[in-house]
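Chain by chain, the residues run as shown.
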Amino acid sequence: MEDNIINRVVLTPDGKKKLEDELNELKTVKRVEIAKEIEVARSFGDLSENAEYDEAKNEQARIESRIKTIEEMLRFAEVVDQSDRQSGVAGVGSLVKVYDLEYDEEDTYKLVGATEADPSKLYVSTESPIGKALMGARVGDTVEAQTPGGVVRMRVEEITH
């Protein structure tokens, strides 16, 4: 397969480590567990009407699919080197403290690649409206993001790496 922009995955060093840990867990623990479950289910007899066997085989397929997905992501991963980033400029891996001009409140976003996004932790993808607006911003900048809920205007208060 050819490396192209479609397959590129942007990761922070932490994000890469989490994927590597998950891959290791799937290969060394989950594969072994599901093989045992399949063997036990097989011992129940007629496979054509064996729900336990069918479910175990489905779980095996999910595990193998996830392994393939993670391996592909890691193969095309671009791990962001924090030391290369210009000081004071928001980029992947930055913590960006902003002041929301409409709601009169502060939030701190972590800019991450799409695979690491977690809105509940305020980890925003650089491909999301807020992430795009914050990329390249500097302290004091006011940025606007067109979100599904409308335009969000934020002033960048602090950037840490």
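Treat the numbers as computed from the prediction; the structure is a model and nothing was measured. (Residues numbered from 1 in each chain as written. Predicted model: local features only at pLDDT ≥ 70, side-chain atom pairs only at ≥ 80, totals over all residues. Heavy atoms only, no water.)

## Focus: the pairing of strand S3 (residues 95–100)
So, point 1. Both S3 and strand S4 (residues 105–112) contribute to a ladder of six bridges, which runs antiparallel. Within the sheet, the bridge partner assigned to Tyr99 lies in S4 and is Glu106.
So, point 2. In this structure, the hairpin formed by S3 and S4 is closed by a connection of four residues, where Asp104 is found at a positive phi of approximately 55 degrees.
So, point 3. Here S3 pairs with strand S7 (residues 150–160) via six bridges, running antiparallel. (Pairing = 2+ DSSP bridges. Helix = DSSP H or I, 4+ residues; strand = E, 2+ residues; numbered from the N terminus.)

## Observations regarding the nonpolar core
So, point 1. Among the nonpolar cores identified, the biggest contains 16 residues, and Val96, Tyr109, Ile130, Leu134 and Met154 are the most heavily contacted of them.
So, point 2. Only S3, S4, helix H3 (129–134), strand S6 (142–147) and S7 provide two or more residues apiece to this core.
So, point 3. It is S7 that contributes the most residues to this core, four residues altogether.
So, point 4. Beyond its immediate stretch of four places on either side in the chain, Met154 contacts Val98, Tyr99, Asp100, Leu101, Tyr109, Ile130, Leu134, Asp141, Thr142 and Val143.
So, point 5. One finds Leu23, Tyr53, Ile67 and Ile70 within the second-largest nonpolar core, a separate group that totals 14 residues. (Core = buried A, V, L, I, M, F, W, Y, C linked by side-chain atoms within 4.5 Å. Buried < 20%, exposed > 50% of the residue type's maximum accessible area, 1.4 Å probe, protein only. Contact = heavy atoms within 4.5 Å.)

## Points about the pairing of S4
Note on strand geometry: in a regular strand, side chains alternate between the two faces of the sheet.
So, point 1. Bridging between S4 and strand S5 (residues 123–125) involves three bridges; their strand directions are parallel. Its bridge partner lying in S5, Val112 is registered against Ser125.

## A short note on the pattern of salt bridges
So, point 1. Scanning the entire structure with this criterion turns up 12 salt bridges.
So, point 2. Here Arg31 and Glu64 are joined by a salt bridge, their closest N and O atoms 2.8 Å apart. Taken as a pair, Arg31 in helix H1 (residues 13–42) and Glu64 in helix H2 (residues 51–75) lie far apart in primary sequence, 33 residues in all.
So, point 3. A residue is classified by how much of its surface remains accessible, and Arg31, at 32% relative accessible area, is partly exposed.
So, point 4. Within the structure, one salt-bridge network assembled from shared partners comprises Glu55, Glu59 and Arg62. (Salt bridge = Lys/Arg side-chain N within 4 Å of Asp/Glu carboxyl O.)

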